[in-house]
Each structure stands twice: as C-alpha cells, then as structure tokens.
Amino acid sequence: MNASPSTASKRVNLLWLVLFFAALLWLFLFYALEYKYHFYYQEQTQIFLYAPDWLNTYFDHPGWLALLIGDWLTQFYYYIGIGPLILTLVMALTAVATYFAFKGYVPGWLAITLAIMVYLWLVFSSFAASCRLSTLLVVTGWMCLFWATKPLRWWALLFLPLGWWCFGTTSWPVPSMPQWEYEERLAISNEYYFGNYDRAAQLAQNTDRPNKVTSFYYYLSQAQQGTLADSLLRYPIKDLGTLTKINDKSSLPVINMMNELYYLLGDMTYAERAAMMNNVFSRSNRNVRMIKRLAEINLVSEDTVAAMKYLRVLSKTHAYSKWAAEHTPGKMTPQAEAEILAKRAMVNKQDTVRVGDNCYVILDELLKSNPNNMVALDYMLCTDLLLKDMETFKRDYDRYCMDRGKPRLKPIYQQALMIYLTGTNAPQEEWEKYIKDFDLMQRFMQYNQLRGSRAFADTYWYYFDTH
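Scope of this entry: the structure provided in the associated data block. From a predicted model like this one, the values you see are computed outputs, not experimental measurements. (Residues numbered from 1 in each chain as written. Predicted model: local features only at pLDDT ≥ 70, side-chain atom pairs only at ≥ 80, totals over all residues. Heavy atoms only, no water.)

1. Overview of the packing of helix α20 (residues 374–386) against helix α22 (residues 411–423)
Right, on to step 1. Contact geometry of α20 with α22 gives a least axis separation of 11 Å together with a crossing angle of 45 degrees. Our classification of the angle between α20 and α22 gives oblique. Of the two elements, α20 crosses α22, and the hand of that crossing is left-handed. Each of Asp378, Leu381, Cys382 and Leu385 in α20 lies in contact with α22, whose residues at this interface are Ile412, Tyr413 and Ala416.
Right, on to step 2. Here the contact of α20 with α22 is built from residues that sort into 6 nonpolar, no polar and 1 charged. (Axes fitted to C-alpha atoms, helices over the stretch in contact; angles between N-to-C directions. Helix = DSSP H or I, 4+ residues; strand = E, 2+ residues; numbered from the N terminus. Parallel < 35°, antiparallel > 145°, perpendicular 65-115°, else oblique. Left-handed = near helix turned anticlockwise from the far one by under 90°. Contact = heavy atoms within 4.5 Å. Nonpolar A, V, L, I, M, F, W, Y, C, P; charged D, E, K, R; others polar.)

2. A closer look at α20
Right, on to step 1. Between the first and last C-alpha of α20 there are 18 Å, a value that for 13 residues agrees with the 18 Å anticipated at 1.5 Å per step.
Right, on to step 2. α20 sits mainly inside the fold: 12 of its 13 residues count as buried.
Right, on to step 3. The set of residues buried in α20 consists of Val375, Ala376, Leu377, Asp378, Tyr379, Met380, Leu381, Cys382, Thr383, Asp384, Leu385 and Leu386. (Expected span 1.5 Å × (residues − 1). Buried < 20%, exposed > 50% of the residue type's maximum accessible area, 1.4 Å probe, protein only.)

3. Comments concerning the pattern of salt bridges
Right, on to step 1. Tallied over the entire structure, the rule returns 15 salt bridges.
Right, on to step 2. Its salt-bridge partner being glutamate 260, residue arginine 293 comes within 3.4 Å of it at the nearest N-O pair. One end of the pair, arginine 293, is in helix α15 (residues 288–300); the other, glutamate 260, is in helix α13 (residues 252–265), with 33 residues separating them in the sequence.
Right, on to step 3. A residue is classified by how much of its surface remains accessible, and arginine 293, at 9% relative accessible area, is buried.
Right, on to step 4. Exposure remark for glutamate 260: the relative accessible area of 4% places this residue in the buried category.
Right, on to step 5. For aspartate 364, the salt bridge goes to lysine 368, with nearest N and O atoms at 3.3 Å. Placement of both aspartate 364 and lysine 368 in helix α19 (residues 359–369) is noted, with a separation of 4 residues, approximately one turn of the helix.
Right, on to step 6. A relative accessible area of 11% places aspartate 364 in the buried class. (Salt bridge = Lys/Arg side-chain N within 4 Å of Asp/Glu carboxyl O.)

4. Section: the nonpolar core
Right, on to step 1. Core analysis: the biggest nonpolar cluster contains 140 residues, and Tyr31 and Tyr379 have the highest contact counts within it.
Right, on to step 2. Residue contributions to this core peak at 9 residues, all from α20.
Right, on to step 3. Ignoring sequence-local partners within four residues, the contact set of tyrosine 379 consists of Tyr219, Leu220, Ala223, Leu228, Leu240, Thr242, Leu261, Leu264, Leu265 and Leu363. (Core = buried A, V, L, I, M, F, W, Y, C linked by side-chain atoms within 4.5 Å.)

5. Brief notes about the packing of helix α9 (residues 180–193) against helix α11 (residues 212–224)
Right, on to step 1. Interaxial distance between α9 and α11 falls to 10 Å at its minimum, and their mutual angle equals 20 degrees. On the basis of the axis angle, α9 is roughly parallel to α11. Note on packing geometry: the crossing formed by α9 with α11 is left-handed. Mapping the contact onto sequence places Arg185, Ile188, Ser189 and Tyr192 in α9 and Val213, Thr214, Tyr217, Leu220, Ser221 and Gln224 in α11.
Right, on to step 2. Among the residues forming the contact of α9 with α11, the class breakdown is 5 nonpolar, 4 polar and 1 charged.

6. Some points on a nonpolar patch on the surface
Right, on to step 1. A surface patch of nonpolar side chains, amounting to about 730 Å² of accessible area, comprises Val12, Leu15, Trp16, Leu19, Ile116, Leu120, Phe124 and Met177.
Right, on to step 2. Every element with two or more residues in the nonpolar patch is listed here: α1 (5–34) and α6 (108–125).
Right, on to step 3. The greatest single-element share of the nonpolar patch, amounting to 4 residues, is contributed by α1.
Right, on to step 4. Following the sequence through the fold, phenylalanine 124 ends up in helix α6.
Right, on to step 5. Under the relative-accessibility criterion, phenylalanine 124 is labelled partly exposed at 31%. (Patch = residues over 30% accessible without salt bridge, like charges linked within 9 Å, V, L, I, M, F, W, Y side chains within 5 Å. Areas by Shrake-Rupley, 256 points an atom, 1.4 Å probe, with all protein chains shown as cover.)

7. As for the packing of aromatic side chains
Right, on to step 1. Evaluated as defined, the whole model comprises 44 aromatic pairs.
Right, on to step 2. Their ring planes at 85 degrees and their centres at 5.2 Å tell us that tyrosine 40 and phenylalanine 194 sit as a pair that is edge-to-face. Here phenylalanine 194 lies in the loop between α9 and α10 (197–206) and tyrosine 40 lies in helix α2 (residues 37–44), a separation of 154 residues in the sequence.
Right, on to step 3. Note on tyrosine 99 and phenylalanine 100: the rings are 5.0 Å apart at their centroids and 75 degrees apart in plane angle, and the pair reads as edge-to-face.
Right, on to step 4. By relative accessible area, which is 32% here, phenylalanine 100 ends up partly exposed.
Right, on to step 5. Chaining the aromatic ring pairs together yields one cluster made of Trp26, Phe30, Tyr31, Tyr35, Phe39, Tyr77, Phe124, Phe127 and Trp180.
Right, on to step 6. Over the ring of phenylalanine 464 we find lysine 388; its NZ or CZ atom is 5.8 Å from the centre of that ring. (Phe/Tyr/Trp six-rings, centres within 6.5 Å; stacked < 30°, edge-to-face > 60°. Lys NZ or Arg CZ within 6 Å of the ring centre and 35° of its normal.)

8. Concerning the environment of leucine 440
Right, on to step 1. Assignment of secondary structure puts leucine 440 in helix α24 (residues 438–449).
Right, on to step 2. On the basis of relative accessible area, leucine 440 is assigned to the buried category, the value being 10%.
Right, on to step 3. Look past the residues within four positions of leucine 440 in its chain and what remains in contact with it is Pro411, Gln414, Gln415, Met418 and Trp461.

9. Some details on the side chain of threonine 328
Right, on to step 1. For threonine 328, the location among the structural elements is in the loop between α17 (321–326) and α18 (334–344).
Right, on to step 2. A polar contact is formed between the side chain of threonine 328 and the backbone oxygen of alanine 324, at a distance of 2.8 Å.
Right, on to step 3. Setting aside anything within four residues of it in sequence, one finds threonine 328 in contact with Met308 and Leu311. (Polar contact = N/O pair within 3.5 Å; in protein donor to acceptor, adjacent residues only side chain to side chain.)

Here it is in structure tokens:
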C-alpha cells in the first residue's frame, strides 16, 4: 500500500530537518576543532563595555542593532567553544528565517533552496577573519524582519525604514574560502598569548609553510623558556624579528609581533608604541588585547594614573574585569605583583633619545640597565650570529659575559668563538680562556677536515660556511 501524500510530505520534511541539523553539527565541529583561532582573533581585536556612554555610540549610524548585538556576542568568543556555538546558531536562525520569510510566496522547494543559499553565503563569508559577526547579523536581521512582518503583506513595506535603521544596508558579507594559512598563524600567535610556549613552538615547527611570522613566534617561545640560543639553528627560516622596523604601512600582525618582542625584552617605550599603533589601526580603534597590554606596560613603568585608565576600561568588560581587579595597584594578587616586579627589573633605565627603532641600540641599553637580562643578551648575541658579524659578536660577548665574569656557555656561542679565535690566530691562552667544552673542540677539529659536510648541519660552523 502506497503512503498517502501527507505521509510522504512529512517524511520529506523530516529528512530535510535531519539534514539541516547534520549540517549545523558539522559546522559547529568544524569551527570548534579546525577554525577556532579566528574566533579568538575577533574577540581580541574588539571590545564591548557595559557603560551607558559606550552603548550610546552604537546609535550614531544605521545598522546599530546588528553592531550592538554582534559586538556583545563577540566578547563571549573569549570562552572555549562559545564562539562556534554562537556562530552556528546565527547560521541556523538565518536559514530558518529565510525559509519562513519566503514560504507561501514561492514553492516550498524554492524556499528551501533560498534558505540553503543564504546559509552557504554566510558560512563562506564567516571564513574571513575580517568578517565580523555584526556583518552576518545584517542578513539575519533582515530575514527575521521579513519573517515577522510577513502577515502584514504589502503593509510590511512600511517597516523598511526600521530595518534600515536597525540593520543597515552597506556592509553585506563577502564569501571567502577558508584561510588556512592565516588560521595557522593565528594558532601560533594565540598559543603564545595564552602562555602555552611549548605548544606555540611545536605548531611553528609542524607548519608546512614556515615563514617570518612562524619563525618569529618559534624563537619568541624559545626565549620565554630560556632556550633561544639552543634552538637558533633548528628552524628552517631564521628570523628573530630584531631587524624588523614598524611604521604606518606595517600590517597588524607585524605590529603585534613587535609589541610582543619589545615587552618580552623589557623595553616598555617601544612595546607601548606598538600597542598604541595596533589599537589605532584596529577596527573602530578597539582592541582589547592591546588595552590589556597597555595596562601591563604602565604598571611595569609605575605610571599608576595611566595604568588605572586602562584598568577602568577593562573593569567594564565581561571577560577581563577579574583580570583588571587582580592588577589594580594596592589590590594586586601576589602572582600579579610578582609578574609586574619581575618585568620591572628588566626595563630600560638609560637616559637617551632615540631616532628610530634600532633593536641593537635597544638591546644594548637594556643590558646596560640590567646585565642579568638574559633574554636581551641572547637576542643580541643570536642576532650577531645570524648576521655572521663575528667582530660584533666577540665584542658583545666580552662586554656582557666575560667582563662581568659570567661566561654564557651555550654550545652555539662556543662554536662561534672557535670561528673567531681561528680567524684571528688567537694564542693558546685565549682558547683556554674562552673555550670550556672540550668535546665540542674535538668536533671542531673534525669539521675543519670536512668543511661544509652536512654531517655538521646542526652546528654554527656549517651555518657560517654555507648560508
């Protein structure tokens, strides 16, 4: 016996429903497992404050409701899994609203087709890191308005000005393919930001497309763990970022990289400059990650007034209010105070005026201010080695290691010293003064008989001769 038309229709509808939920589940898992760092990027490069004067800024232009809801929801991307859930639900709401908005005006199959097309439009648009949730909500808002006013028939046209005021018409989503390389870079940057230095270094090592960005964070993560000199030759692209200068034409990722480098080294002036630039060049000049960094910088610099300005801003956010309370002067937690004091010991105390961001000059000033700044010392010596400037390396090693009675006995420095001593025909007493690793000395003698051999590819001698 054949099924009745109504039964067949129910089965078809049930099939569509199952497929719809399967598509949503796949989308959520994709976002949560394969594309999660785009959410962290969007959360960090905006800010939402629970303050009346802040909220009033949203009413100044068309589309205020989409912007308000989008920015409010984006702040929750801070939490693991919430961003993928929010975006999946937005896609679901938009598809449902589209279907019911057109159902009755067009055949059912066409309403479903339109819903699928709008769904795919938003899905592909969401792949771009520049596509904000508020932009997607422009489409969601219009579809919900069409659905809600559908019973009014042609009278619904009276609500078009309301829709224009609430959702706007100028910032429609633009489809994009998944930005896998950018997601990879965001993953490395964010794992470093979260303090997962081993994870950041491992991601940088595992990439199929090593570049200056992945190289920068690889070495930065190693420096955080005191192993910069030990890992200098292990990455295919050797770029420490110390030769990079930033200006008004620099990209946001580069500016953010230099902010991280200067803060790690202890130069608060240039860390603040980079943080300010990153904030200014962000969308609507709003960047919560940089506001947090500016609070840290001014706490380290003991500028309490400036620090409180940024802490008050953060105290009005949902995700960072606790952090702001823990770092408020006079009320700091022991852990927060220890972090600030440790960084304060590294700051530049030299009374100088610079004309540019020459990192060598910065490193030199930092070491004059605090000779125990091992991060600055390793960055200086390793930069000398990458440039193969043996005269400068020897001079810097003497000034900040030998003259202070604290030789830095890293294998790569010992190897570089052997090259210098050989090139200057140094007497035996000089060798005994500098070279303490006698096993390495034996290997150097072997290398001199097989210069350029890949059996020594892990040594600075090989790098010096072949790069």
